[in-house]
Amino acid sequence: MSTASPFGRLLTAMVSPMRPDGSLDTDGARRLAEHLVASGHDGIVVNGTTGESATLSEDESLEMVRLVADTVGDRAEVVAGVGSNATAHSVDMARRAADAGATGLLLVTPYYNKPTQAGVVAHCRAVAEVTDLPVMLYDIPGRTGIPFTTETLRELATVPSIVAVKDAKGDPWASTKVMATTDLIYFSGDDATTLPWLSLGAVGTVSVVGHVAGREYAAMIEAVDRGDLATAREIHRRLVPAVDAIMSTSQGAIMAKAALVELGVIEHATVRLPLVESPPEHLDILRTGLKESGLL
């Protein structure tokens, strides 16, 4: 794939493997990072939502960055989630993630506080200016309660290190206007909309289903690059059962871990409260979806 993006083009928001007692499974994390690179990823997001960042300690978050960076070396970019609703905390985590080996940063809007858009701009500038790493903004108002408005994205596009947007807002027309008037590069932030975003000019995806469908998403990106929309659509449609099973049955991190256990990549599907593991009926849905998409 092209090297037009400093983050890579096929990224997955990696889960944080855990042992049955809830502690980090560092061996499992290394195996998973190797699995992602082997299945076509040129970037890995660590400590994103799917990595259960909300329930990891600072030390655990930084340990995840270090071990993934050490594992993949120069084979993939390592993008560290450093979002917080406290700017000083995000600034500190950005510095520490850079020291731990991150090659990029992922930054959501400050959740819960409900800042004005001027506050969002000030927050992002403060984080972006503390390191030389490229920053990907993560627009997911369904979780944070605060969107990046079109005007805010245009303003933040003037910050040299803010170079990309991961879109899970789902407003393609607004984002098209941003792409038409700035140099920001776009990534799909929702597996159901990966092909639509690629067709509009996104350079890649930050996936959850990519844990088990990396080769398929890599093939989709390559098909769009060469203008082969028929092949891209065939892959998109073939993945529908898996996307529905992982993203719509309960919650992405829960189901992604369960899927990785089904494929033998990690040993345990342990998640931390308030998340709970999949009940048997959800696992049945998952297995059916993976089989129908040709992934199991």
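Because the structure is a prediction, the values reported are computed rather than measured. (Residues numbered from 1 in each chain as written. Predicted model: local features only at pLDDT ≥ 70, side-chain atom pairs only at ≥ 80, totals over all residues. Heavy atoms only, no water.)

1. Section: the UniProt feature "binding site: pyruvate" (unreviewed entry) in the protein
As annotated by UniProt and renumbered to match this structure, "binding site: pyruvate" (unreviewed entry) occupies Thr50 and Val206. These annotated residues cover 157 residues of sequence, and their C-alpha atoms lie no more than 10.8 Å from one another, placing them together at a single site. Checking the annotated residues one by one, the ones that line the second largest pocket turn out to be Thr50 and Val206. Within the secondary structure, threonine 50 is located in the loop between β2 (43-46) and α2 (58-72). On the basis of relative accessible area, threonine 50 is assigned to the buried category, the value being 9%. Among all residues touching threonine 50, those that are not within four sequence positions of it are Ala13, Met14, Val15, Ser16, Val208, His211, Gly252 and Ala253. With respect to the element layout, valine 206 can be found in strand β8 (residues 204-207). Discounting chain neighbours no more than four positions away, the residues touching valine 206 are Leu11, Ala13, Val45, Met136, Lys166, Phe187, Ser188 and Gly189. (UniProt positions renumbered as here; feature names shortened; annotations may be inferred. 1 Å grid on protein atoms, 1.4 Å probe; cavity = no way out; pocket = protein on both sides within 12 Å on 5 of 7 lines; lining within 4 Å. Helix = DSSP H or I, 4+ residues; strand = E, 2+ residues; numbered from the N terminus. Buried < 20%, exposed > 50% of the residue type's maximum accessible area, 1.4 Å probe, protein only. Contact = heavy atoms within 4.5 Å.)

2. Describing the packing of aromatic side chains
On inspection of all chains with the given rule, the structure shows 2 aromatic pairs. Geometrically, the ring pair formed by phenylalanine 7 and phenylalanine 187 is edge-to-face, given 6.2 Å between the ring centres and 85° between the ring planes. Linking phenylalanine 7 in the segment before β1 (10-13) with phenylalanine 187 in strand β7 (residues 185-188), this pair joins segments that are 180 residues apart in sequence. Comparing phenylalanine 7 with phenylalanine 187 shows no difference in burial state: the two are buried. When the ring of tyrosine 186 is compared with that of tryptophan 197, the centres are 6.0 Å apart and the planes differ by 25°; the resulting orientation is stacked. With tyrosine 186 in strand β7 and tryptophan 197 in helix α8 (residues 194-200), this residue pair connects regions lying 11 residues apart in the sequence. Accessibility expressed as a relative area gives 1% for tyrosine 186, which makes it buried. (Phe/Tyr/Trp six-rings, centres within 6.5 Å; stacked < 30°, edge-to-face > 60°.)

3. Quick notes on the nonpolar core
Across soluble globular proteins, you tend to see nonpolar side chains buried next to one another. Counting residues in each nonpolar core, the largest one holds 85 residues, and the members touching the most others are Ile44, Val68, Leu137, Ile162, Ile246 and Leu286. If you tally residues by element for this core, the top one is helix α9 (residues 210-225), at 8 residues. With sequence-adjacent residues up to four places away left out, isoleucine 162 is seen in contact with Cys124, Ala128, Val135, Leu137, Leu156, Ala157 and Leu184. Judged by nonpolar contacts, the second largest core, of 15 residues, contains Leu11, Tyr138, Ile185 and Val206. (Core = buried A, V, L, I, M, F, W, Y, C linked by side-chain atoms within 4.5 Å.)

4. Topic: the UniProt feature "site: Part of a proton relay during catalysis" (unreviewed entry) in the protein
Sites flagged by UniProt as "site: Part of a proton relay during catalysis" (unreviewed entry) map to Thr49 and Tyr112. Set against the largest pocket, the annotated residues named above that line it are Thr49. If you trace the backbone, threonine 49 turns up in the loop between β2 and α2. Within the fold, tyrosine 112 resides in the loop between β4 (104-108) and α4 (117-128). Under the relative-accessibility criterion, tyrosine 112 is labelled exposed at 73%.

5. Structural notes on the sheet that holds β1
Read around the closed barrel, the 8 strands follow the order β1-β2-β3-β4-β5-β6-β7-β8; overall the barrel is parallel. Neighbour to neighbour, the strand axes of the sheet diverge by 25° on average, direction disregarded. In the sheet, strand β3 (residues 77-81) pairs with β4 via 3 bridges, with the strands oriented parallel. Across the sheet, alanine 80 pairs through a bridge with leucine 105, a residue of β4. (Pairing = 2+ DSSP bridges. Axes fitted to C-alpha atoms, helices over the stretch in contact; angles between N-to-C directions.)

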